[in-house]
Amino acid sequence: MTEKRIRTVAVHAGSAPGDSFGALSVPIYQASLFTFPNAEEGAAIHEGEAPGYFYGRMGNPTQAALERSMAELEGGEAALATASGMAAIALALLAVLEEGDHLVAQASLYTSTAALLDEIVAPRSVEVSRFDGSRAEDLEAVLRPDTRAVYLETPTNPTLSVVDVERVASIAHAAGALVIVDGTFATPFNLRPLSLGADLVVHSATKYLGGHGDLVAGVLVGSQELVDAARWRMMRVLGPVIAPHTAWLVQRGLRTLAVRMERHNENAMRVAEFLEAHPNVERVHYPGLASHPQHELARRQMRGFGGMIAFEMADAQAAKRLVDSVRLISLAVSLGDVASLIQHSSSMTQSSLTADQQRSAGVNPGLIRLSVGIEDVADIIGDLEQALRT
Ligand code: LCS
């Protein structure tokens, strides 16, 4: 997809169901059920042999508009919107894995995803092996004949490590394994994992896709076959459906995804450069900086480097003092909001990890995660400058 195309797709994708009085914005179908003209048609809709809807857990026209948008933005055949990002991840994994399968997962993952693997997936007879996602060359050694899937996140939460999706996909496919990528930090504006060979992309739409900190949602995108498995085998029995109004809010967020991401990318680059030059900051993790270990890969693989930065202060005390001193930037978890957000990782999003787990995930006591918003970058830098003086 060319530059021009993705900006246009973001604005127009998924619009225009034919019978909505010409409304340019997709209507919110606040309906849990849909009537049938007759028994034969009702049966055909249930069998998936005729287009249409029957019950809100299995789909809704507003949800379908969002799903068409995300499929087009990611370049996938189909999508399934869900009640949260964790629901999308869980449905994707459960749709793909069978008892007795082997799963290879990146060592460093968002904490709740890691907990899903350790506490829900592994105890149900799926063996989980880990590999360092920044070293694609290590993957081959952990793959086995029974490896069903490789699960990745890029860039990673919170340390912004970058995975070579194309290389991982070619190694995984050669061994007969599928590749699932959490693209939350990048969004389809900055990275399109399916075009690099991934089989499924999952997102927390709570973040950049919605973009305004006013909803919780998720989405998975991939082949019709995999998305059908997630919807008909997993959504049907587990039920984490997206509400019609939430689907509408995400769809509205997508309309401005390209302009927001351009500003997030630009602002974060400037903020990362400012932080890297500051004497009180020990280290900055941002894929756009030449000092990032996978900078060249990120340049090759991503349209922009994203709005997320991690940086290290001398210790937990200095980090806490900084997050307590910002005025414009909000002290909060989550990310991808139009407003800038900051958090102290080891005592917040990564607090459920043991000290050892934090260390091996690169979450040092002084680590701060900054979600750079779309405000005037001079004001963001000004706020950090005054907070770093305290
Ligand atoms: N994937 C990534 C990369 C995430 O960062 C999150 C949430 C999820 C999935 C889960 O999505 P949710 O169910 O929340 O929509 N990350 C959060 C974080 O870093 N702080 O608060 C939530």
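Further up the page is the structure itself.
Quick caveat, the model's predicted, so the values are computed rather than measured.

Conventions and cut-offs
- Residues numbered from 1 in each chain as written.
- Predicted model: local features only at pLDDT ≥ 70, side-chain atom pairs only at ≥ 80, totals over all residues.
- Heavy atoms only, no water.
- Helix = DSSP H or I, 4+ residues; strand = E, 2+ residues; numbered from the N terminus.
- Rg over C-alpha atoms; globule rule 2.2 N^0.38 Å.
- Buried < 20%, exposed > 50% of the residue type's maximum accessible area, 1.4 Å probe, protein only.
- Contact = heavy atoms within 4.5 Å.
- Areas by Shrake-Rupley, 256 points an atom, 1.4 Å probe, with all protein chains shown as cover.
- Lys, Arg positive; Asp, Glu negative; His and termini not counted.
- Charge placed at Lys NZ, Arg CZ, Asp CG, Glu CD.
- Near = heavy atom within 4 Å.
- Polar contact = N/O pair within 3.5 Å; in protein donor to acceptor, adjacent residues only side chain to side chain.
- Salt bridge = Lys/Arg side-chain N within 4 Å of Asp/Glu carboxyl O.
- Pairing = 2+ DSSP bridges.
- Axes fitted to C-alpha atoms, helices over the stretch in contact; angles between N-to-C directions.
- Phe/Tyr/Trp six-rings, centres within 6.5 Å; stacked < 30°, edge-to-face > 60°.
- Lys NZ or Arg CZ within 6 Å of the ring centre and 35° of its normal.
- Patch = residues over 30% accessible without salt bridge, like charges linked within 9 Å, V, L, I, M, F, W, Y side chains within 5 Å.
- Expected span 1.5 Å × (residues − 1).

### Considering the overall build of the chain
Then, in step 1: Check the secondary structure of the chain and you find 15 helices and twelve strands.
Then, in step 2: Here the chain has a C-alpha radius of gyration of 21 Å; the compact-globule value for 390 residues is 21 Å, and the two agree.
Then, in step 3: When the backbone C-alpha atoms are referred to their principal axes, the chain occupies close to 70 × 50 × 35 Å.
Then, in step 4: Taken over 390 residues, the chain has a buried fraction of 58%.
Then, in step 5: Across the chain, every contact between residues at least 6 apart in sequence was considered, and the portion connecting residues at least 24 apart equals 73%.
Then, in step 6: Of the roughly 16,300 Å² of accessible surface on the chain, 51% is carried by carbon and sulfur atoms.
Then, in step 7: Averaging the positions of the 31 positive and the 45 negative side-chain charges in the chain gives two centres separated by 4 Å.

### What about the site of the ligand?
Then, in step 1: Close contacts around the ligand come from 18 residues, with Asp182, Ser204, Thr206, Lys207 and Arg369 the closest.
Then, in step 2: Interatomic distance of 2.7 Å between a side-chain N/O atom of Ser204 and an oxygen atom of the ligand.
Then, in step 3: Note that a nitrogen atom of the ligand is positioned 3.1 Å from one of the side-chain N or O atoms of Thr349.
Then, in step 4: Protein contacts shield 91% of the accessible area of the ligand, which totals 480 Å² for the unbound molecule.
Then, in step 5: Here the shell around the ligand gets three residues from one element, more than from any other, and that element is helix α4 (residues 85–96).

### Things to note about the pattern of salt bridges
Then, in step 1: Under the counting rule described, the total for this entry stands at twelve salt bridges.
Then, in step 2: One salt bridge in this structure joins Arg144 and Glu127, with 3.1 Å as the shortest N-O distance. Within this pair, whereas Arg144 is found in the loop between α6 (139–142) and β4 (147–153), its partner Glu127 is found in strand β3 (residues 127–131), the two being separated by 17 residues in sequence.
Then, in step 3: Assessed through its relative accessible area of 45%, Glu127 is described here as partly exposed.
Then, in step 4: Residue Arg135 is joined to Glu137 by a salt bridge in which the shortest nitrogen-to-oxygen separation is 3.6 Å.
Then, in step 5: Residue class for Arg135 comes out partly exposed when judged on its relative accessible area of 38%.

### Overview of the sheet that holds strand β12 (residues 367–371)
Then, in step 1: Strand order in the open sheet made by the five strands is β8-β9-β12-β11-β10, with mixed pairing throughout. Two strands lie at the open edges of the sheet, namely β8 (283–285) and β10 (330–331), each paired on one side alone.
Then, in step 2: Taken together, the four bridges between strand β11 (residues 341–344) and β12 define a ladder with antiparallel strand orientation. Within β12, the residue paired with His344 across the bridge is Ile368.
Then, in step 3: Contacts from helix α13 (residues 316–325) reach β9 (308–312), β10, β11 and β12 within the one sheet, and its direction differs from that of β11 by about 155 degrees.

### Comments concerning the packing of aromatic side chains
In this description, a pair of aromatic rings is defined by centroid distance and the angle of the planes.
Then, in step 1: Applying the stated criterion across every chain, the model contains three aromatic pairs.
Then, in step 2: Centroid distance Phe34 to Tyr53: 5.6 Å. Interplanar angle 45 degrees. Geometry classified as tilted. Placement of Phe34 in the loop between α1 (3–12) and α2 (39–46) and of Tyr53 in the loop between α2 and α3 (61–74) is noted, with a sequence separation of 19 residues between them.
Then, in step 3: With a relative accessible area of 17%, Phe34 lands in the buried category.
Then, in step 4: Overall, the relative accessible area of 29% leaves Tyr53 in the partly exposed class.
Then, in step 5: On the numbers, 6.4 Å between centres and 70 degrees between planes, the contact of Tyr286 with Phe305 is edge-to-face. Of this pair, Tyr286 sits in the loop between β8 and α12 (295–301) while Phe305 sits in the loop between α12 and β9, and the two are 19 residues apart along the sequence. Residues Tyr286 and Phe305 agree in their burial class; the two are buried.
Then, in step 6: One cation-aromatic arrangement involves Arg303 over Phe189; the distance from NZ or CZ to the ring centre is 4.9 Å.

### A look at a nonpolar patch on the surface
Then, in step 1: Judged by side-chain polarity, Leu94, Val237 and Leu238 come together as a nonpolar surface patch covering roughly 260 Å² of accessible area.
Then, in step 2: Locating Leu94 in the fold gives a position in helix α4.

### Considering the pairing of β9
Then, in step 1: Here β9 lies mainly inside the structure; five of its five residues are buried.
Then, in step 2: In this structure, β8 lies alongside β9, joined through three bridges in antiparallel fashion. Each bridged residue has a counterpart across the sheet, and for His285 the counterpart in β9 is Ala310.
Then, in step 3: The pairing of β9 with β12 spans five bridges and is classified as antiparallel. Among the inter-strand pairings, Met308 is bridged to a residue of β12, identified as Ser371.

### Here we look at the sheet that holds strand β1 (residues 78–82)
Then, in step 1: Pairing is mixed in the open sheet, where seven strands are placed in the order β1-β7-β6-β5-β4-β2-β3. Each edge of the open sheet is held by one strand with a lone partner, namely β1 and β3. With strand direction ignored, the average angle separating the axes of adjacent strands in the sheet is 20 degrees.
Then, in step 2: In the packing of helix α9 (residues 224–238) onto the sheet, contacts are made with β1, β5 (178–182), β6 (200–204) and β7 (218–222), and the angle to β1 comes to roughly 30 degrees.

### As for α4
Then, in step 1: With twelve residues, α4 ought to run about 16 Å at 1.5 Å a step, and its terminal C-alpha atoms sit 17 Å apart, in line with that.
Then, in step 2: Where burial is concerned, most of α4 is hidden: ten out of the twelve residues are buried.
Then, in step 3: Inspection of α4 places Gly85, Ala87, Ala88, Ile89, Ala90, Leu91, Ala92, Leu93, Ala95 and Val96 among the buried residues, and these make up the whole buried set.

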